[in-house]
There are 2 protein chains.
Amino acid sequence: MTAANDKPARGYADKARLVARVGKNPPAVILVEPQLGENIGTAARAMMNTGLEELRLVDPKQDWLSDKAIAASSGAERILERAKRYEKVTDAIADLHTVYASTARRREMVKPLMSAKAAALDMHSRTDLKLGILFGRERDGLHNDEVALANTIIEVPLNPEHSSMNLAQAVLIVGYEWFQAAYEGPQEMMTFNRTTPASKEMLLGLFEHLESELVICGFLRNEEKMPGMIVNIRNMLQRAELTEQEVRTFHGMVKELRYGRRPDRPKRQPGYKLDTNESSD
Amino acid sequence: MTAANDKPARGYADKARLVARVGKNPPAVILVEPQLGENIGTAARAMMNTGLEELRLVDPKQDWLSDKAIAASSGAERILERAKRYEKVTDAIADLHTVYASTARRREMVKPLMSAKAAALDMHSRTDLKLGILFGRERDGLHNDEVALANTIIEVPLNPEHSSMNLAQAVLIVGYEWFQAAYEGPQEMMTFNRTTPASKEMLLGLFEHLESELVICGFLRNEEKMPGMIVNIRNMLQRAELTEQEVRTFHGMVKELRYGRRPDRPKRQPGYKLDTNESSD
């Protein structure tokens, strides 16, 4: 009565326990501005249940090592002790390559949307990349500019009339699917062909370069529309899943389009290595 | 990106939401001697999340309609109001045909053991039978004589070193798998949100515009490397799966980066409609 692709339990007769092997390369769990220490604790418990280890906290509003938080973690104290605090979401994702955003509300964005299960398989296909999952505030989730930093939106298919879960439950379901997917292995993968996918830090550098030139040249001249346009441009480029070399190529294109052989061409654009002669990837 | 047995999305373009239809014949959730009204409330919330409706309570130790219980249910008050109280487990399962027992501890019993997913598929195969799932006490779960009344043991595969979940989390995972098994839609999709993906003709127009400007500005100056670089640039932009509006935005970015407020700015770039003021998508 199992799905066609479920592997039979090994040693089923010997030990009557369905134990998944813990997958390799677990994603970091990134809680954005969690309000209550207790909720950080229950999220850590859900992580421990599902084999996730690395907790990152963006500007948490309460101490995650309070007695309440530790009691709520129900034995996952180690995860709380090792948790790292970051000032901003961009800091917390800088070293990651692929970021997922867990959201309950629908967004007006052009971005891949995956069920928790599909996202879990996607994560397992990215064996050599650093992964992270953003979870939003208890009250109002992730903001649009935060979702724009993610490659993919995760939506848990639930009763559409009652789909709100608390933080720990969202972490539990996403973690549970990640843990299950360790059974099944990836259904597909991205062919990177000896190139290295760009980290979020590199990508953010490209965004900042492009956007600052778009302001200077006048494309982003309408201050009211600017935040929305930046979200759209970032979504568009996130989807391309650029490699390191492609980020360099893109920097070069922006610089050359902007300054070409003109007399006002700056000697060097700060913040990236211009490398236009090298053939990309 | 979908598993082999996933059916294609219905209304793919219209509603970018992974919505399962609630399955028929949901199993009753039977909580055996729950200690805290609050835990009955959070279990009801998890039931509502996952489309389960019928709650049965065996000798509950606190009122399931207390303010605390109702607050914890977070909108699932209807399930609490309709909950029925039973004196003994045997009373609570008398009218059922198939009973599952959710357990965390291993039992010395000869009995089928299923993962939450396998159990969910099993439930959906029993369309004309009355089904129920037993969940044990917060502190020490189900007793052996209670498990003996069940047809099948459900064990949620979790980190073997940390597999204890609270009551609501156990209900959530078992309910989630039941809900997933009713779900026929796609596991992932692109959220286009009323935008239209660009045709290849539009995309080729963008490539030609970008590449011609990259030749003029000197970025594509090495004739030998040019074909390879063009292939790389096109691959990079193909992956972004641009919408029509994004292609227009991209045309605008290229034009403005290149000419901005410069005196040599052409009146009109042929081959596309420049539309920089309109916010993209």
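Sequence positions are assigned chain by chain, starting from 1 and proceeding in written order. Each chain takes a letter, starting from A, and each ligand takes a number, starting from 1, following the order in which they are written. With pLDDT at 70 or above as the cut-off, local features in this predicted model cover only qualifying residues; side-chain atom pairs require 80 or more to be listed or tallied, and sums for whole chains, interfaces and linings still use all residues. In computing side-chain values, all of the structure's heavy atoms are included and hydrogens and water are not.

### Points about the overall build of chain A
Basically, it comes down to this: Secondary structure counts use DSSP, requiring at least four H or I residues in a row for a helix and at least two E residues in a row for a strand, with both numbered from the N terminus. Residue burial is assigned from relative accessible area. The probe radius is 1.4 Å, only protein chains are included, and a residue is buried under 20% of its type maximum, exposed over 50%, and partly exposed in between. It only takes one pair of heavy atoms within 4.5 Å for two residues to be counted as in contact. Each accessible area is a Shrake-Rupley estimate made with a 1.4 Å probe; only the visible protein chains count as cover when residues are assessed.
Check the secondary structure of chain A and you find ten helices and seven strands. With 281 residues in all, chain A has 58% of them scored as buried. The contacts in chain A between residues at least 6 apart in sequence include a share of 82% that link residues at least 24 apart. Of the accessible surface of chain A, which amounts to about 12,000 Å², a share of 48% is contributed by carbon and sulfur atoms.

### What about the pairing of strand S2 (residues 55-58) of chain A?
Residues and elements named next belong to chain A. Here is the rule we go by: The criterion for strand pairing is that DSSP finds at least two bridges linking the strands in question. Orient the strands so they point away from the viewer, and a crossover whose first-strand-to-second-strand path over the helix runs clockwise is right-handed.
Neither face of S2 is left uncovered, since the one carrying Leu 55 and Leu 57 and the one carrying Arg 56 and Val 58 both have all their residues buried. Bridge count for strand S1 (residues 28-32) against S2 is four bridges, and the pairing is parallel. What sits directly across from Ile 30, in S2, is Arg 56. Once you follow S1 into helix H1 (residues 37-49) and on to S2, the crossover reads as right-handed. Here three bridges tie S2 to strand S3 (residues 84-86), and the two strands are oriented parallel to one another. Bridge assignment links Arg 56 to a residue of S3, and that residue is Lys 84.

### Here we look at the packing of aromatic side chains
This is how it is decided: Only centres within 6.5 Å qualify two rings of Phe, Tyr or Trp (six-membered ring in Trp) as a pair; their planes then separate them into stacked at under 30 degrees, edge-to-face at over 60, and tilted for everything else.
Inspection of every chain in the model, using the stated rule, returns one aromatic pair over all chains. For the pair A:Tyr176 and B:Tyr176, a centre-to-centre distance of 6.4 Å together with 80° between the ring planes defines the contact as edge-to-face. You can see A:Tyr176 sitting in helix H7 (residues 167-184) and its partner B:Tyr176 sitting in helix H7 (residues 167-181), one on each of two chains. The two residues A:Tyr176 and B:Tyr176 agree in class, both being buried.

### With respect to the sheet that holds strand S5 (residues 113-115) of chain B
Residue and element names in this part refer to chain B. Keep this limit in mind: Whenever a helix is involved, its axis is fitted only over the stretch in contact; in every case the axis is a line through C-alpha atoms, and angles between N-to-C directions fall within 0 to 180 degrees.
Strand order across the open sheet formed by seven strands is S3-S2-S1-S6-S4-S7-S5, with parallel pairing between neighbours. The open sheet has two free edges, formed respectively by strand S3 (84-86) and S5, since each of these has just one partner strand. On average, each strand axis in the sheet is inclined to that of its neighbour by 30°, with strand direction left out of account. Across the sheet, helix H5 (residues 116-125) lies against strand S4 (98-102), S5, strand S6 (131-135) and strand S7 (152-155), angled at about 100° from S5, the strand it touches most.

### Focus on the environment of A:Leu55
Residue and element names in this part refer to chain A. With respect to the element layout, Leu 55 can be found in strand S2. With 26 residues separating them along the chain, Leu 55 and Val 29 place their C-alpha atoms 5.0 Å apart. Beyond its immediate sequence surroundings of up to four residues, Leu 55 is in contact with Val 29, Leu 31, Ile 40, Met 47, Ile 79, Leu 80, Ala 83 and Lys 84.

### Some words on the domain arrangement of chain A
Residue and element names in this part refer to chain A. Basically, it comes down to this: For the purposes of this description, domain bounds are those given by an automatic or database domain assignment. Two parts placed together each lose some accessible area under a 1.4 Å probe, and the buried area is that loss summed for both. Salt bridges are defined as contacts in which a side-chain nitrogen from Lys or Arg sits within 4 Å of a carboxyl oxygen from Asp or Glu. Contacts described as polar in this section are N or O atom pairs within 3.5 Å, which, within protein, must combine one atom able to donate a hydrogen with one able to accept it, while residues neighboring in sequence count only if both atoms come from side chains. Residue polarity is assigned by list, with Asp, Glu, Lys and Arg as charged and Ala, Val, Leu, Ile, Met, Phe, Trp, Tyr, Cys and Pro as nonpolar; anything else, Gly included, falls into the polar class.
Once the domains are mapped, chain A shows domain 1 (24-181) and domain 2 (195-259). The distance between the C-alpha centroids of domain 1 and domain 2 comes to 26 Å. Of the residues lining the interface, 20 residues belong to domain 1; the matching set on domain 2 comes to twelve residues. Summing the contributions of domain 1 and of domain 2, the shared interface buries around 1,300 Å²; its carbon and sulfur component is 57%. For the pair domain 1 and domain 2, the interface holds one salt bridge. Joining domain 1 to domain 2, the criterion identifies ten residue pairs in polar contact (both at pLDDT 80 or more). Looking at the side of domain 1 that touches domain 2, the elements with two or more residues in it are helix H4 (89-93), strand S4 (98-102), strand S5 (111-114) and helix H6 (144-147). Residue composition of the side of domain 1 that touches domain 2, by class: eleven nonpolar, five polar and four charged.

### Examining the pattern of salt bridges
Residues and elements named next belong to chain A. Within the structure shown, the criterion is met by 27 salt bridges over all chains. A salt bridge links Arg 85 to Asp 59, with the nearest nitrogen and oxygen atoms 3.2 Å apart. In this pair, Arg 85 sits in strand S3 while Asp 59 sits in the loop between S2 and helix H2 (67-73), placing the two residues 26 residues apart along the sequence. Classification of Asp 59 by relative accessible area gives buried; the value is 18%. Each of Glu 54, Arg 56, Asp 95 and Lys 130 takes part in one network of salt bridges that share partners.

### Overview of the side chain of A:Glu177
Checked against the element boundaries, A:Glu177 lands in helix H7. Look past the residues within four positions of A:Glu177 in its chain and what remains in contact with it is A:Ala116, A:Lys117, A:Ala120 and B:Tyr176.

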